[in-house]
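What the coordinates show
One-letter residues, chain by chain:
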Amino acid sequence: MADLLGLTDFHACYYAQELTRRFPSDAPEKLTSALLDAQVDLNPHQIEAALFAFKSPFSKGCILADEVGLGKTIEAGIVISQKWAEKRRRILIICPSSLRMQWSQELAEKFHLAAEIIDSNRLKALTRTEQANPFEQDAVVLCSFEFARRQEAPISALPWDLVVIDEAHRLRNVYKKDNRIGKSIMRSTASAPKLLLTATPLQNSLLELFGLVSLVDEHVFGDVRSFKAQYTSGSVDYENLRRRIAPFCKRTLRREVQEYVRYTQRISLTQEFTPSPKERELYESISAYLQREKLYALPTSQRQLITLVLRKLLASSSFAITGTLESLVARLEDQLKANQQVEDLFYSTLLKEDYEPFEEDQEAWDLVPLDQMPDPLSLEDKASIQTEVEELQGYLELARSIEQNQKGTALLTALSKAFAKLSELGAPQKALIFTESRRTQAYLYQMLEEAGYGGGVVVFNGQNDDEKSKEIYRTWKERHQGTDKISGSASADRRQALVDHFKEKSQIMIATEAGAEGVNLQFCSLVVNYDLPWNPQRIEQRIGRCHRYGQKFDVVVVNFLDRTNQADQRVFELLDQKFQLFQGVFGVSDEVLGAIESGVDFEKRIVAIYQSCRSAEEINQAFDTLQKDLEEKIAQDMLLTRSNLLENFDQSVGERFRFSSKQAQGLLDHFESWTWKLTEHFLEGQARFGPGHEFELERQPFDGLVVPLGRYRLGKGAEAAYQYRPHHPLAQKIFELGRDLRPEAARVKFQLTDSGLKVSALEPWLGQSGGLQVELLQVDSAEEEDFLLLSGYGPGGLPIEPEALAGLFYLPGNLKGAAPELNLGLLVQGIEAEESRVLAQIEAKNSRFFDEEMTKLDGWAQDRKEGLEIQLDKLEQDIGLKKNEARRLLDLEKKVAARRLVSELEKKRDQLRQNLFTAQDEVEAKKDELLDQVEERLKARVERKFLFRLGWELK
């Protein structure tokens, strides 16, 4: 290979080895290629969190518990990306159904990783292909909590390399017997390393922390009984508990990272409106209709869910409910024709055009069973159905007579106020309007077009099949043809096209709930809740489309409030004041949101109030009760406990982050520079190189590898080019070629004086010459690690430190003929000394890992022993009480029965005593097993590979 820009084959071999060698779990270099691949601006705490997840080869996982808004998804993405780069590609992400698409988008956009969402529909499709296990994919696999529970068997069957559980606090009660989802996931992922993500690892009880830690590693604490005895009664030894969870839980606070993460505010605007008399009549009539005990139009098995949806549509607009009323009338008429009640999945047949369910809602629909086929209709049934048809037709006629909604008129006023506020803030004039109905979406689109926003409005929903969206997609594809922007998935690309159009050309996007799932819109800072959900988690996710990491401006949140509706006012009060969703700093609501097990269940409580309460007094009383229940879940003493256990009071935290940032950036700079130089070296004559780490690939450079021709860019922001990164097939091939280089010994002149670089360690050797040898040391012990061993000398055979020798390869160099006569004895002696030093470090590190594991296991053993002793003490007390009771009995038959009970208790006690010894034996056996594993892993398998030697001159 020809010399190019001062890069020799010696440089190329050295760079390739450095770029691809295996690093230990606690080394920042381990993550470098993953960080270079990532399309994100990384912060020090995120790098530290990823390293924390890798810190011990014996670890079974950890909990990343950063406060909301610090990028736990990015932290997990780094870990996933690194696992993928190491060819450990059985990766499963379990998350709320509402976050599956967001995860898929984040992995694709930020880490170039494909994701496969496995749900009921995908499962059916894979079953048709006769695939043995649907979770066996050449991609990161995503599924919801409930789906994971239902698919325990296929999940258990795979040896996962990593399982990520997002919103892991949903499993915090896994220790309870009736926690079906938690226990199922615990069983199916028992042998897999796990990464748990949650901003609220501790909400109501320390037992929740026990549950989450046990989900990661069941050998940290003994059992619930001993944990309760130690940490939930009397004076709690927080320091002891904190020490035990420290290896498994990392939490970073917003106040710790304010130096480099800017937080914007939420600014709340409330737009009140008064419905017209017709609108009010329609609302009250249908509300009263839904409160009836018997309704023929609604399937019995689905009535609760359908009622919830109908009330959402009723609150959305008269246009939204019109289509549903038509469906209800048609359904009743079908029943009369069929002479029997029609039981079906109502959403899929009649509501689909009106309401687009969020993923979490859809899963709830899927779980609703069908009723048995009913008997033929009686004459009384037919008469009642006919009456119901006529009543609904009256509501339908009323709804059709309403041409304009007062809330729609109020939207124009609200937009005017909100855009004025954006101007005051200096933010872009863009608005994201949310509605839960596609019919309302169409109404708002037409109204805004007529109001002067023509051409500046784009709609976004689960279908995106209107003519304007199709045209936007066609234009977008033409624009990005031949770049990585086109993923190949039509639905994903269509969504991205609409987002790009909103960013670059439109002023307003009207989105449905399901449509905007997983979309990031940090360039917009106005969120309009035209329809306000009752699910606080849903609202947080809505606002989070814009108010998230990367948002540069304060985010204005507009909510609409019907001043004539008492229940609506109480709902808004609860969401605004108790959940603190609409104002304050980024993520202020996470304490409260973590208290809610399920947003859907919370919605059900709200709709139950609408259904059961008929007066303002009843409404207020019901909401007072709901508010009290909520306050009890958000106990202030738990906030203090969390602070004592999980918050970092290390005063040097800021300094540590600054060091990590500088270190990480330095590593990235070196790795990016070496990747670029290697690429120039091996693509000489195959590509034209320009400024800014860009090149034009003009022909296929290597046999057996076909990559797209065209423009490539190394680094972030390759908008109109292919993204060139360490794990791109072209880069991987170049690294392979570099690793395989074994250049013949030669004389190399390294340029320090004219290089413009400062390498202090080399300055004493300026103008001198000597010899250098490089070998690769591969160690397979507790971890698989590679080391570059450098040995060298200067004039008179004076040894040179390896760090100084490595500095030579930072400098340009030129070949100057054959190598001088080298002192091979000195070079080999230096290599062997370096090998001994490295192996001694590995042994010391492995000893530390082993001590940490034994400390953990000793704590688990003590817990098990104490738990059994607590049981024994309780049994001894029960036996004593039963004996006393038996002595006091005069009836012989009862006395004998009582003594028999005592005898049974004594047998149980004796069995427990035996269990105590058995448990101790089990612990010792576990320790022996661990010792055997560690002993085997510590048998370091060492291999040295010669790379090259050279004679050097430094000028």
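**Topic: the sheet that holds strand β15 (residues 687–690)**
- Pairing in this open sheet of 4 strands is mixed, and the strands run β15-β16-β17-β18 from one edge to the other. Edge positions in the sheet fall to β15 and β18 (722–724), since each has one partner strand and no second. On average, each strand axis in the sheet is tilted by 30 degrees relative to the strand beside it, whichever way the strands run.
- In this structure, strand β17 (residues 710–714) lies alongside β18, joined through 3 bridges in parallel fashion.

**Examining the packing of aromatic side chains**
- For the structure shown, the criterion picks out 29 aromatic pairs.
- On the numbers, 6.4 Å between centres and 80 degrees between planes, the contact of Y14 with W674 is edge-to-face. Residue Y14 is found in helix α1 (residues 9–20), and its partner W674 is found in helix α29 (residues 653–682); the two are separated by 660 residues along the sequence.
- For W674, a relative accessible area of 5% translates into the label buried.
- On the basis of an interplanar angle of 35 degrees and a centroid distance of 5.9 Å, the ring pair of F671 and W674 is categorised as tilted. Residue F671 and its partner W674 are located together in helix α29, separated by 3 residues, close to a single helical turn.
- Using a relative accessible area of 5% as the deciding quantity, one classes F671 as buried.

**Quick look at unusual backbone geometry**
- Despite not being glycine, E167 shows a phi value in the positive range, around 50 degrees.
- Within the fold, E167 resides in the loop between β5 (162–166) and α9 (180–188).
- The class of E167 is partly exposed, set by a relative accessible area of 27%.
- Residues other than glycine seldom take positive phi values, yet N464 does so here, at roughly 50 degrees.

**Concerning the nonpolar core**
- By size, the foremost hydrophobic cluster in this structure holds 91 residues, and its most contacted members are I80, W103, L195 and L730.
- Beyond its immediate chain neighbours, meaning those up to four positions away, W103 contacts T73, A76, I80, I93, C95, L142, V164, D166 and L197.
- Of all hydrophobic cores here, the second largest spans 74 residues; its members include L392, V499, V555 and I619.

**Details of the sheet that holds strand β20 (residues 769–780)**
- Within the open sheet, the 5 strands sit side by side as β21-β20-β23-β19-β22. Their pairing is mixed. Only two strands of the sheet have a single partner each, and these edge strands are β21 (784–793) and β22 (813–818). Looking at each pair of strands side by side, their axes are set apart by 30 degrees on average, direction ignored.
- Packed onto the sheet, α1 meets β19 (746–750), β20, β21, β22 and β23 (941–954) and runs at close to 145 degrees relative to β23.
- Against the sheet, helix α32 (residues 824–888) engages β20, β21 and β23, with an angle of about 145 degrees to β21.

Reading guide: rules and limits
Residues numbered from 1 in each chain as written. Predicted model: local features only at pLDDT ≥ 70, side-chain atom pairs only at ≥ 80, totals over all residues. Heavy atoms only, no water. Pairing = 2+ DSSP bridges. Helix = DSSP H or I, 4+ residues; strand = E, 2+ residues; numbered from the N terminus. Axes fitted to C-alpha atoms, helices over the stretch in contact; angles between N-to-C directions. Phe/Tyr/Trp six-rings, centres within 6.5 Å; stacked < 30°, edge-to-face > 60°. Buried < 20%, exposed > 50% of the residue type's maximum accessible area, 1.4 Å probe, protein only. Core = buried A, V, L, I, M, F, W, Y, C linked by side-chain atoms within 4.5 Å. Contact = heavy atoms within 4.5 Å.

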